[in-house]
Every structure is written in structure tokens, then in C-alpha cells.
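# Observations on the three-dimensional arrangement
Spelled out from the first residue to the last, the chains are:
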Amino acid sequence: MMMHDEQTKITFFGTSGAVPEVGGDSPTFLINDKYLVDTGWSVIDNLRSRGHDPLQLEYLIFTHFHHDHYMSLPSLLFYYLMRGRPLEELKIIGPAEDLHLIVRRAIDFLHAERYGWANLSPVLIPLTPGEAYEEENFRLDTCSTAHPVQGLCYRFLDKKSGRMFSFTGDTAFHPPIIEHVRGSALLIHESALGPIAANPDKNDYMHSGAIDAAAIAEEAKVGKLLLLHGSAQIAEPCVQAAKQIFSGEVQWPKDGQTYII
Ligand SMILES: [Zn+2]
Ligand SMILES: [Zn+2]
């Protein structure tokens, strides 16, 4: 059996709703200091204010392309240009339907031709639900979400630590996620609708309540459930509601909080 000394580290920068509170951000987090999940509104500030060098990022992983999850992508690309890091060194993973278009538009927004910036070509890794991506240090498996745009629910295997965790991105209650995340030490599941179960007939924006997230976590027998994507006011009620359904530990991460699994 292979022995692992390494740990897997997840640091949260934001857990708020689509329009964050002052000083907060919509859901973004950093895996092992070098893989960033979604950019939120303020990616550069979030990284630098917590001692992370944006130039050290190896991968950007997008759950889906709603604005609150990619709004500050142009800031990140501009930072790279100003600091002289070639964009080809950044790899961007995301839902195949929108990845090329959104990155192209972020680069167009920077008006690259006027300033003579050549080679603005990050490496794009589009995935459709069900596809996997694997490299030396990690493996990502994906499944579909239930959301108005194409999304990916990711299962992240850290090959160095042997640990596995999953994150849903935005989604309504979606049973295929149960099998996909089974065995995860940690499940990060949105609960934007608050401490309730969503009414499927009145869920136009296709989000989950804490009861929906907890039902997924309980069925999948994950180790721990982390809830996010709402204001500070709904955090504790969501945790309490989820605990009625899920027998494991439930938390709502604080900004800047790091989880070691
Ligand atoms: Zn969102
Ligand atoms: Zn969304």
C-alpha cells in the first residue's frame, strides 16, 4: 500500500451570494495553494491579501460561467500581463460549452491589439460532464449539475495525499451527484436558497437549499459537508437545517479559513 505524508489543503476566499457583502466574495477557494476554483469578483485582492502570489497559480478551475464565478478573470489576466508572466503558463479548466467564449471575451476586453500584447493564449481544457482530466499531481472527474448554464460537479483526487473531495458549483438538487461524490472526505455543496428544501416548481435559477445539500451528503456518505453561496445571515440557519438530515459534520466556511483533509 502506498504511504502518503502529504495533506490536501483548501482555503476559502468567499462564500457569499451573487453580490458579495463588503469585504467578502462569491464562492472561491484555493486548493493546495496553486489551483484556484472560480475567480469571484476580486481574485487578485483575495490572493494577495492572504499571502498568495497570483503568479504561482497553475490552474484555474471554473465550475460554470455565471458572472459571480468569473467576474474578475480579466483582472487576473491583466495582472499576469503587467507582471510579465506568459499566459501560456496558466491552464484553465471549465465547462466546454462556455470556456473558449468567456476566455476569448476576457482577452478582448483587455484590448490586447492596441497594446501589442501577443501570445495571450492560456491553455484551455474544456470538459463536458462525465469527462475527466488527469495530470501528475491530481485527477478531476466531473458530472453534470442542474443549473441554467452548463456546470461541472468536480471530484478532486489529490494523488500526493491520496485524499479526495468534491465541489458542486451551483446546482439544484441533482441525484447523479450522489454517486459521483461518494467516498469524498469533504463535499462543498451550495445552499444559496437558505435553510430549506427547494420547491422544484419554483426554482427558476436552479439552486439548492441546505436540506437538499444535506440529503446529497447523507446519501453519498461523505465525511464532512461544507455549505456556501449566501449571506452571513443564512450561514448558521443553513448549518442547523443540514444537521437535521446529515449525520456527519456540517460547517459554513469563514473567509480565509483553511481546511486540511
Ligand atoms: Zn453562483
Ligand atoms: Zn450560477
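Data block above holds the structure.
A quick note: this is a predicted structure, and the numbers were derived from the prediction, not measured.

Below, the discussion takes up the side chain of threonine 11. Note that threonine 11 resides in strand 1 (residues 9-14). Judged by its relative accessible area of 4%, threonine 11 is buried. Side chain to side chain, threonine 11 and threonine 258 meet in a polar contact 2.8 Å long. Excluding residues within four positions of it along the chain, threonine 11 makes contact with Thr28, Phe29, Leu30, Gly256, Gln257 and Thr258.

Our focus in this paragraph is the sheet that holds strand 4 (residues 59-61). Across a sheet, strands are paired by hydrogen bonds formed along the backbone, either parallel or antiparallel in direction. Read across the sheet, seven strands follow the order 6-5-4-3-2-1-14 without closing on themselves; strand pairing throughout is mixed. Pairing within the sheet leaves two strands with one partner each, and these edge strands are strand 6 (123-127) and strand 14 (258-260). Between one strand axis and the next, the sheet turns by 20° as a mean value, whatever way the strands run. As defined by bridge partners, strand 5 (residues 91-95) adjoins strand 6 across five bridges and the pair is classed as parallel. For lysine 91, the partnering residue across the bridge sits in strand 6 and is valine 123.

At 2.1 to 2.4 Å from the zinc ion (ligand 1) lie its protein donor atoms, namely Asp68 (OD), His69 (NE2), Asp170 (OD) and His229 (NE2). Around the zinc ion (ligand 1) sit four donor atoms, and with donor-metal-donor angles ranging over 89 to 162° the site reads as irregular. As a motif over one chain, the donors of the zinc ion (ligand 1) read D-H-x100-D-x58-H. In this structure, the zinc ion (ligand 1) lies 3.6 Å away from the zinc ion (ligand 2), the two metals sharing aspartate 170 as a donor. Of this pair, aspartate 68 sits in helix 2 (residues 67-70) while histidine 229 sits in the loop between strand 12 (224-228) and helix 7 (232-243); the two residues are 161 residues apart in sequence, bridging distant segments of the chain. Given a relative accessible area of 9%, aspartate 68 falls into the buried group.

All of the buried residues in helix 3 (residues 73-83) are Leu73, Pro74, Leu76, Leu77, Tyr79, Tyr80 and Leu81. Tucked inside the fold, the buried residues of helix 3 contact helix 1 (43-49), strand 4, helix 2 and helix 4 (99-109). Directly after helix 3, the chain includes glycine 84, whose backbone phi takes a positive value near 75°.

A few words on the pairing of strand 2 (residues 28-31). The alternating pattern of strand 2 places Thr28 and Leu30 and Phe29 and Ile31 on opposite faces, both of which are buried. Pairing of strand 1 with strand 2, which is carried by four bridges, proceeds in the antiparallel orientation. When the bridges of strand 2 are listed, isoleucine 10 appears paired with isoleucine 31. Of the strand pairs in this sheet, strand 2 and strand 3 (residues 35-37) are connected by three bridges, and their pairing is antiparallel. Looking across to strand 3, one finds that leucine 30 is bridged to leucine 36. As consecutive antiparallel partners, strand 2 and strand 3 are separated by three residues, and within that stretch asparagine 32 has a phi angle of approximately 50°, a positive value.

Donor atoms from the polypeptide that coordinate the zinc ion (ligand 2) comprise His64 (NE2), His66 (ND1), His147 (NE2) and Asp170 (OD), at 2.2 to 2.3 Å from the metal. If you look at the zinc ion (ligand 2), its four donor atoms make angles of 86 to 166° with each other, and the shape they trace is irregular. Here the donor residues for the zinc ion (ligand 2) map to a single chain with the spacing H-x1-H-x80-H-x22-D.

Our focus in this paragraph is the packing of aromatic side chains. All told, the structure shown has 17 aromatic pairs when counted by the stated rule. For the pair phenylalanine 12 and tyrosine 259, a centre-to-centre distance of 5.8 Å together with 85° between the ring planes defines the contact as edge-to-face. Here phenylalanine 12 is found in strand 1, whereas its partner tyrosine 259 is found in strand 14, with 247 residues between them in sequence. Take phenylalanine 12: its relative accessible area is 0%, and that puts it in the buried class. Note on tyrosine 35 and tyrosine 59: the rings are 5.7 Å apart at their centroids and 70° apart in plane angle, and the pair reads as edge-to-face. Taken together, the residues tyrosine 35 in strand 3 and tyrosine 59 in strand 4 connect sequence positions 24 residues apart. Residues tyrosine 35 and tyrosine 59 agree in their burial class; the two are buried. Cluster of aromatic residues (ring-pair linked, three or more members): Phe12, Phe29, Tyr35, Tyr59, Tyr133, Phe138, Tyr154, Phe156, Phe165, Phe167 and Tyr259. We note lysine 91 situated over the ring of tyrosine 59; from NZ or CZ to the ring centre the distance is 5.1 Å.

To continue, consider the packing of helix 6 (residues 210-220) against helix 7. It is the contact of helix 6 with helix 7, at a shortest axis distance of 8 Å, that shows an interaxial angle of 40°. Classified by the interaxial angle, the pair formed by helix 6 and helix 7 is oblique. Every pair of crossing elements has a handedness; the one defined by helix 6 and helix 7 is right-handed. Taking contact as the criterion, the partners of Ala210, Ile211 and Ala214 in helix 6 are, on helix 7, Cys238, Ala241 and Ala242. Taken together, the residues of the contact of helix 6 with helix 7 sort by class into six nonpolar, no polar and no charged.

Rules behind the numbers
All residue numbers refer to positions counted from 1 along the written sequence of the respective chain. The order in which chains are written sets their letters, starting at A; the order in which ligands are written sets their numbers, starting at 1. Per-residue local features of the predicted model are confined to residues with pLDDT of at least 70, and side-chain atom pairs are confined, for both listing and counting, to 80 or more; whole-chain, interface and lining totals are unaffected and use all residues. Neither water nor hydrogens contribute to the side-chain values; these are computed over all heavy atoms in the structure. Per the convention used, a helix needs a DSSP run of H or I reaching at least four residues, while a strand needs a run of E reaching at least two, with both numbered from the N terminus. For every residue, the accessible area obtained with a 1.4 Å probe (protein chains only) is divided by the maximum for its type, and the residue is called buried under 20%, exposed over 50%, and partly exposed between those limits. Under this definition, polar contacts are N or O atom pairs within 3.5 Å; protein pairs additionally need one hydrogen-donor-capable and one acceptor-capable atom, and for neighbouring residues in sequence, both atoms have to be side-chain atoms. Every residue pair with non-hydrogen atoms within 4.5 Å of one another is taken to be in contact. For two strands to be treated as a pair, DSSP must find at least two bridges joining them. Under this scheme, a helix contributes an axis fitted over its contacting stretch, all axes are lines through C-alpha atoms, and angles between N-to-C directions fall in the 0 to 180 degree range. Shown as donors are all N, O and S atoms within 2.8 Å of a metal ion, widened to 3.2 Å for Na, K and Ca; because water is not in the atom set, sites may appear incomplete. Irregular is the default label, applied whenever a site is not tetrahedral (four donors, all angles between 85 and 135 degrees) and neither square planar nor octahedral (four or six donors, opposite donors over 155 degrees apart, all other angles between 65 and 115). Two rings from Phe, Tyr or Trp (for Trp, the six-membered ring) form a pair when their centres are within 6.5 Å of each other. A pair whose planes differ by under 30 degrees is stacked, one over 60 is edge-to-face, and the rest are tilted. The criterion is that NZ of a Lys, or CZ of an Arg, lies within 6 Å of the ring centre and within 35 degrees of the ring normal, and then a charge sits over that ring. Note that the term roughly parallel is reserved for angles under 35 degrees, roughly antiparallel for angles over 145, roughly perpendicular for angles of 65 to 115, and oblique for everything else. By definition, any crossing whose near helix is turned counterclockwise from its far helix by less than a right angle is left-handed, and any crossing with a clockwise turn is right-handed. All amino acids are sorted into three groups, where Ala, Val, Leu, Ile, Met, Phe, Trp, Tyr, Cys and Pro are nonpolar, Asp, Glu, Lys and Arg are charged, and the leftover types, Gly among them, are polar.

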